[in-house]
Each structure stands twice: as structure tokens, then as C-alpha cells.
Amino acid sequence: MSQRKERRGIHVDQSELHCNKGCGYYGNAAWQGLCSKCWREEYQRARQKQIQEDWALAEKLQREEEVAYASIQGAQSQPLSQPQAPPQASLAPFSKFEEKKTNEKTRKVTTVKKFFSPSSRTAPKKENQEGKTPSPSISRQSSIETDRVSRDFVDFLKTLHKPGREVHKQSRAFIEIMANKKDLSADELSECVQDFYQNLSDRLMTHFKGSSERVERVMDEVEKYIMTRLYKSVFCPETTDDEEKDLATQNRIRALHWVDIQMLCVPVDEEIPEVSDNVVKAITDVIEMDSKRVPRDKLACITRCSKHIFSAIKITKSEPASADDFLPTLIYIVLKANPPRLQSNIQYITRFCNPSRLMTGEDGYYFTNLCCAVAFIEKLDAQSLNLDPEDFERYMSGQTSPRRPEADGGWPQVDPPTGSAASSPALTQVYQNLDLLSGMGSRQDRVLEGVQSLQRDLITWQESVEREVQEILEKYPLEIRLPAPSAIDSDNVENDRLPPPLTPQVFAG
Amino acid sequence: MAAGGGAGNKTYSFKVVLLGEGCVGKTSLVLRYCENKFNDKHITTLQASFLTKKLNITGKRVNLAIWDTAGQERFHALGPIYYRDSNGAILVYDITDEDSFQKVKNWVKELRKMLGNEICLCIVGNKVDLEKERHVSVEEAEGYAESVGAKHYHTSAKLNKGIEELFLDLCKRMMETAQAEERAKGNGASQSTTSRRGVQIVDDDPQAATAAGGCCSSA
């Protein structure tokens, strides 16, 4: 075994380097061991197969829907003798599209070329995607949702009678056309969809004799149906750098985590519970945007987010919010939320939303503000936050945080007023608790110290008492003397000198 | 062409942007116009940044959408995102503040460069109730407006002076522009595509333009 390893390290067998197909050219691990030519063939075959599968699926679905529709229409509609025909028949009004398609063939070639150029990182990714598509769980899940939307769509069109049927046909045909256009660039896809909106709404205008509200309602449903169907293939397509931009924006927002309300001059006081409620709701809404499929639903999320922001401002300032208040707050919300796939979502909405909604309506205004917020965040610098460029650099690199400028201060000693002023209520709470804890800690230390000193005192007191006793004992040793013979006059020294008659008589006893 | 039923019942939809420095009274102006209120505690609207007004001018219905913009200097570079596709722009300055008039001049230059002559410009000197503290002379302001093909108005949101006239005039001018455009389009064949193109092309451009503007302004 070790021998083999060694051999591989030094000397590689030529056959291992060759294309797996055995065509004699060198293979490449990135192409699953095939040479460029074989890989391309293999890849095209897989693609072709997938396209055919898609077609088959689309046809099947369409047949089902046609059946459903026909049964709804009841007896007055002819028996479904032409379920197979619609693709052909409904293409007729779309001769324009066909024309466009041929026009675009030239462009298509360039996209395909780009696709295979070695520097393009899309090739391996496509491969990933191909690996993913057969996964049954994903396709089934999405088909449940699309089926539901299809059913809703049919139900809605039922109320429109004859024009409804035509809208249905056209939408179906359009989705099939789009299924064949997966190679187009995002802008071209967008153009197709927008052309379709335009053509359909023009036709509806003549149908409904210029009642723009009804047209709008139908167009909303059409948008919902089409975009739910196409979402997978046109959201963040691999022909664009949307994903890279998403990541860049996400990282940028992460790096800006230290930006606070003061720096942006946000007129919102999060100390007020109602306001912080609204702020949280706004954050939730802007994050929720990514989960929607239809551009209009995504816009609705942005609108809801904006309304919460307005509530927060109105509660804080007790006057209606102007754009001067709104934009900084929205920027703050976006920074706090860091919504997933922000750029992809914005691009998706601009490409595939019904333009009338995006350009003039209220939704459009909020969407524009979101675009502004993102643009601002992308090129935000020290000047736009009224900061010293050096401070800005230090904050960006994560060396310090503006909340505690004195890095040596240590966290428990943070002054509560400055801490609470600069941060959210939750952080304030944390700081307060930390203060409390550190206070309790020091008190406990003091108590412990006291106990120890008391213990020491006790010990030394005991010792000193012992010592004293000892000293006294030493000083005054205990002598037990036998009692002297009692002689009353023994103490009298001068007894001897007394004259004989007075000499005391000593009695033994 | 879409209206079908004759020009009489066509509804015009116009987008108007409000531009101007922070404290010139853009919001007061538009609140006075749409709600007829000034610094009122009882203002019911949640916000004053996007307001709409329905008008009937010489028998034609007009839907006006008024877009307020953030006036702070640091948001200046975001302007193009706001004013793309607008039919009219109201550039507000404070007659007591010379700087705010300079800002208006910058905006005019930028708008003309980015949008050409298709946009109707109104230069508005607000706060004429503070006539005594005037720092921008009437002759200078009106002369400048004329030189750039804009109309000049004097207003006071506080006294409700000149505001109705301003918006009415602007609407009439925008209608004229729209009608002229329609006539021009009527001669050309591919009207719907061009109109849609106009809507669509801007999707990506403004951001690029903003980025460029940001570089210049921050230098």
C-alpha cells in the first residue's frame, strides 16, 4: 500500500490522466475525468434530457389543467379534443415572441460561449444544479406549491369566462416558451416577461374596454401564476453575479454591526416598548421577503416593513414621518436585519415585477427607498456617519467598538449611562445586570475577607491568651512550699538578743 | 392607445419628486397640500413621505404621486434612484437660507443632465412668511429659474400661500408634456415598446449612476 502511494506521488500512470471515455485526450478532474470535448457532449446530453423531461412535465401539467378547466367550463365548451393542440394554437398570437426568439439566437450563442469559457465559474455550478434537480423531494415540494397556485389561477379565471380562458392559454404557452429559454441572460429573461405583461395587458385593455382596475387585477393574478412557475429558474440565475453581490452585501452589513442609532440619526427611541415592538416587526418583515416567490408578495413585505417603521417614528416623534426620518430608519433596520439574498431579491423584483406597480405606486416608493438604503450601505464611509476616518477604520477592522471606547476599562466597570445610551434596551439590561453581578461579587469578596480576618483574629487571640498565660506561669512559677513549723516568734530576728529571762521558749509541735 | 374610449376619460398618472435640503419645509409643503394642515398635532396620516392626490383638471383625471426624498447631505448621492421616471420635480429652498438655494442649483444641474428636458421643474422659495429675514433675492431666484427653463414660485406652508397654484401649474405642464409625447409617439409605429423600454432600462442604471455620483460627491 505504501508502495502504491509512493508511486502515485512521484510517478503518475499516464492512463489515469486520460479521458475516461478513452478518446486519447487528457481528462480533467473538474470535468469528472473527461476531456473537454467529451465533457461538453456529456453535458449537452444531460441538459437535453432535462429539457425534455421539463417539457414532458409541463405538457402533463397542462393536460391536467386543461381537463380541470374544461370540466369547470361544463357542457358549453367543446369536449377536449385539442388538449394536444394548445401549444401550437396558442403560439399563434405570440408570433412576436417567435420572431424575438430567432432574433435572440445570435445573442444566445454568446451566452453559451460564455458558459463554457474556462474562467467562468458557472460551469461547475450548473453541474451542481443538475445533480440537484432529480432530487424528488425538492421537485415534489415545489410542485405542490405550483399546483396550488395553478388551481387558484384557474379558479380566478373561471370568474372571467371567455377572456379567462384566453389568459390561461397564453400564460401556459408563455411558461413553455420560457422553459426553453433557460440559457438567456437575466436581462433578456426580464425583457421576455415584461413584453408578455405588456402584450397581455394591452389585449385585456381592449377586452375590458379600458377598465384599468380589472386589467390590473387580472395582471396581478397572471404575475402570481407565472412567477411562481418560473421562480426556480429566474431567481438569482447563474448567468448573473447576483449571488456574489448577495454575499458581498451580507458581509458588508456584518462588518457594520457596530453602527448605532446615533450615528445614523435615526429618530426612533427604542426605550419605548411599543417602538421596539415595531422595530422588531419591521425587521421580521424585511427578512420574510426572501421567502416569497411572487414579486408582488415581496413588495408587500417591504411595504409592511415600511409601515412598521412609520409607526415607530410616529410614536417617537408624534408627527408623521418624512423621508428625512424614514430613510435613515430603513437603513438602520436593514443593518439590523441583514436580510438574506438582498441583492437577488431586489434584482428579481426589478426584473419581473409588473412595471406599473414598481414605478408609480406606494409599493414602488418603499422599494425605491430599500434600493437607496442598500446603495447607501454599500458605499457608506466615515463621512456619512460623522465619524473620524481613523475611528471608522478601527471599528470596521473590529479593533474597537464605539460602545466602549476605553478598551482597558474592562466590561464590568462600564459606566451605565454611556452604555445604555448607546445601545438597545436588551444590551442596557445586560450591562445593568453585569454591574449588579460585579457589585455582588465584590461584596462577597469583602465578606470573605472579613470572615478570614475574624478567623485570623480568633486564632491570634487564642495564641496571645495562651502566650500570656504561659508568660505569667513562667514569671510566677508555682512553688509548693511545706508549711514552716509554727513558731510564733520565729519571725522575730532579734529574739536572740533578748535577755535570758525573756528568751522565748521553743516548744516542739 | 390603451385607453381606447377616447382621450376624454384617460387618467394621467404623474410622479413628482420633492427635492431640497433638510429643513426647507418639503414635508410641511406637501402636508399642507394633501391634508391642508401645518404643524398640526391632529395629522392623521402615518407618514408624509409618499402622498397621493387625485385631481380633475379641465375634465381630465390626474393621479399625482408625490415622493419625498431624504434631504440630508449624506443622502445626496441617492438622488438618481428617487427621481428616475419622474414627470416633475419640485425643488424647494428656504428664502432665509442662501445655502439651500445653492443646493437647488446643484439639483437642477443634475436633473437636466440625467433626465434632459422631459421633466418639468419647479423651483420653490418656501417660508415667505419670513420675508424680513430673506437672504435670497427675488430677482436672482426668478432669473435663475428662467435661465434653466424652470418655473419659480413663492410659497408659505404656514400661511398656505401659493401651494395650490404651484401644484396645479405643475400638473398642467406635465399634462402638456405628456400630450406632446403622445402626439410624437402617435407618429412612430412602436409606441408600446418604447414606453416600456423607458420604464425598464432604468432598473439597473441608476445604481451605477449613484455609485459614480457617490465617488464625486464624497471627494
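Per an unreviewed UniProt entry, chain B goes by Ras-related protein Rab-21 and derives from Oncorhynchus mykiss.

Within an unreviewed UniProt entry, the label attached to chain A reads Rab5 GDP/GTP exchange factor-like isoform X1, and the organism entered is Salmo salar.

A. Region of interest: the overall build of chain A. The number of helices and strands found in chain A is 21 helices and zero strands. Out of the 509 residues belonging to chain A, those deemed buried represent 40%. Long-range contacts, defined as pairs at least 24 residues apart, comprise 71% of the intrachain contacts of chain A with a sequence gap of at least 6. Carbon and sulfur atoms form 54% of the exposed surface of chain A, whose accessible area is close to 29,600 Å².

B. Structural view of the pattern of salt bridges. Residue and element names in this part refer to chain B. Applying the stated criterion across every chain yields a total of 24 salt bridges over all chains. The residue glutamate 73 makes a salt bridge to lysine 103 at a minimum N-O spacing of 3.3 Å. Separated by 30 residues along the polypeptide, glutamate 73 in the loop between β3 (60-68) and α2 (79-83) and lysine 103 in helix α3 (residues 98-115) bring together distant segments of the chain. Note on glutamate 73: relative accessible area 48%, which makes it partly exposed. The salt bridge involving lysine 105 is made with glutamate 140; its shortest N-O contact spans 3.8 Å.

C. Seen up close, the interface of chain B and chain A. At the junction of the two partners, chain B supplies 43 residues and chain A supplies 45 residues. Across the chain B to chain A interface the summed buried area is about 3,800 Å²; carbon plus sulfur atoms make up 57%. Summed over the shared surface of chain B and chain A, the number is one salt bridge. Note that Lys26(B) is salt-bridged to Asp324(A), the shortest N-O span being 3.6 Å. Linking chain B with chain A are twelve residue pairs in polar contact (both at pLDDT 80 or more). Put simply, the parts of the chain that give the side of chain B that touches chain A at least two residues each are α1 (26-35), β3, α2, α6 (191-201) and α7 (205-218) of chain B. The dominant element in the side of chain B that touches chain A, judged by the number of residues it contributes, is α6(B), at five residues. Its residues assigned to classes, the side of chain B that touches chain A comprises 17 nonpolar, 15 polar and eleven charged.

D. Inspection of the packing of aromatic side chains at higher detail. Taken as a whole, this structure holds 22 aromatic pairs over all chains when the rule is applied. For the pair Trp39(A) and Tyr43(A), a centre-to-centre distance of 5.7 Å together with 40° between the ring planes defines the contact as tilted. One end of the pair is Trp39(A) and the other is Tyr43(A), both in helix α3 (residues 36-73) and four residues apart, which spans about a single turn. Overall, the relative accessible area of 7% leaves Trp39(A) in the buried class. Taken together, a centroid distance of 4.2 Å and an interplanar angle of 10° make the contact between Phe174(A) and Phe196(A) stacked. Taken together, the positions of Phe174(A) in helix α8 (residues 162-179) and Phe196(A) in helix α9 (residues 186-207) put the pair 22 residues apart, joining distant regions of the chain. An aromatic cluster of three or more residues is present, and its members are Phe310(A), Phe326(A), Tyr365(A), Tyr366(A), Phe50(B) and Trp67(B). Its end group placed over the ring of Trp67(B), Lys15(B) keeps NZ or CZ at 3.8 Å from the ring centre. Here Lys53(B) stacks its cationic end above the ring of Tyr33(B), 4.6 Å away from the centre of that ring.

E. Representation of α1(B) in the model. Residues and elements named next belong to chain B. Most of α1 sits out of view: eight of its ten residues are buried. For α1, the set of buried residues is Lys26, Thr27, Leu29, Val30, Leu31, Arg32, Tyr33 and Cys34. Looking one or two residues beyond α1, the residue adopting positive phi is asparagine 36, at roughly 55°.

F. Up close: the sheet that holds strand β6 (residues 151-154) of chain B. Residues and elements named next belong to chain B. Within the open sheet, the six strands sit side by side as β2-β3-β1-β4-β5-β6. Their pairing is mixed. Each edge of the open sheet is held by one strand with a lone partner, namely β2 (50-57) and β6. Averaged over neighbouring strand pairs, the angle between their axes works out to 25° when direction is ignored. Looking at chain direction, β2 and β3 are connected through eight bridges and run antiparallel. When the bridges of β3 are listed, leucine 55 appears paired with valine 62. Strands β1 (11-20), β4 (88-94) and β5 (120-126) of the sheet are contacted by α3, whose axis makes an angle of about 160° with β4.

G. Fine view of the side chain of Glu221(A). Residue and element names in this part refer to chain A. Here glutamate 221 is to be found in helix α10 (residues 212-234). Here glutamate 221 sits buried without a salt bridge, and the closest side chain of opposite charge, lysine 224, lies 4.5 Å off (N-O distance). Apart from the residues within four sequence positions on either side, glutamate 221 is in contact with Phe153 and Phe156.

H. Up close: the pairing of β4(B). Residue and element names in this part refer to chain B. In terms of burial, β4 is a largely internal element, seven of the seven residues being buried. Residues Gly88, Ile90, Val92 and Asp94 line one face of β4 and the alternating positions Ala89, Leu91 and Tyr93 line the opposite face, and both faces are buried. Pairing between β1 and β4: five bridges, direction parallel. Bridged to valine 16 within β4 is glycine 88. In the classification by handedness, the crossover that spans β4, the intervening α3 and the parallel β5 is right-handed.

I. Structural view of a nonpolar patch on the surface. All names here are of chain A. A contiguous nonpolar patch, built from Leu454, Leu458, Trp461, Val465, Val469 and Leu473 and spanning about 600 Å² of accessible area, is present on the exposed surface. Residue placement: leucine 473 occurs in helix α21 (residues 425-475). By relative accessible area, which is 48% here, leucine 473 ends up partly exposed.

J. Spotlight on the nonpolar core. Trp258(A), Leu264(A), Ile331(A), Leu385(A), Leu91(B) and Ile123(B) are the most contacted members of the largest nonpolar core, which has 86 residues in total. The greatest single-element share of this core, amounting to eleven residues, is contributed by helix α18 (residues 362-378) of chain A.

K. Layout of the state of the cysteines. Summed over all chains, the structure comprises zero disulfides over all chains. The thiol of Cys171(B) is unpaired, and the distance to the nearest cysteine sulfur, on Cys122(B), comes to 9.4 Å.

L. Fine view of α10(A). Residues and elements named next belong to chain A. For α10, built from 23 residues, the straight-helix expectation of 33 Å at 1.5 Å per residue is missed by more than 12%, its first-to-last C-alpha distance being only 28 Å. Largest kink in α10: about 40°, centred on threonine 228. Among the residues trailing α10, cysteine 236 stands out with phi positive, at a value near 50°.

M. Looking closely at the pairing of β3(B). Residues and elements named next belong to chain B. Of all nine residues in β3, seven are buried; the element is thus mostly enclosed. Bridge analysis of β1 against β3 gives eight bridges, and the strand direction is parallel. Residue pairing across strands places leucine 18 opposite aspartate 68, the latter belonging to β3. Adjacent in sequence and paired antiparallel, β2 and β3 are bridged by two residues, among which threonine 58 carries a positive phi angle near 40°.

Conventions we followed
- Residues numbered from 1 in each chain as written.
- Chains lettered and ligands numbered in written order.
- Predicted model: local features only at pLDDT ≥ 70, side-chain atom pairs only at ≥ 80, totals over all residues.
- Heavy atoms only, no water.
- Helix = DSSP H or I, 4+ residues; strand = E, 2+ residues; numbered from the N terminus.
- Buried < 20%, exposed > 50% of the residue type's maximum accessible area, 1.4 Å probe, protein only.
- Contact = heavy atoms within 4.5 Å.
- Areas by Shrake-Rupley, 256 points an atom, 1.4 Å probe, with all protein chains shown as cover.
- Salt bridge = Lys/Arg side-chain N within 4 Å of Asp/Glu carboxyl O.
- Buried area = accessible area lost by both parts, 1.4 Å probe.
- Polar contact = N/O pair within 3.5 Å; in protein donor to acceptor, adjacent residues only side chain to side chain.
- Nonpolar A, V, L, I, M, F, W, Y, C, P; charged D, E, K, R; others polar.
- Phe/Tyr/Trp six-rings, centres within 6.5 Å; stacked < 30°, edge-to-face > 60°.
- Lys NZ or Arg CZ within 6 Å of the ring centre and 35° of its normal.
- Pairing = 2+ DSSP bridges.
- Axes fitted to C-alpha atoms, helices over the stretch in contact; angles between N-to-C directions.
- Lys, Arg positive; Asp, Glu negative; His and termini not counted.
- Right-handed = clockwise from strand over helix to strand, strands pointing away.
- Patch = residues over 30% accessible without salt bridge, like charges linked within 9 Å, V, L, I, M, F, W, Y side chains within 5 Å.
- Core = buried A, V, L, I, M, F, W, Y, C linked by side-chain atoms within 4.5 Å.
- Disulfide = S-S within 2.5 Å.
- Expected span 1.5 Å × (residues − 1).
- Bend = angle between axes of the 7 residues up to and from the residue.

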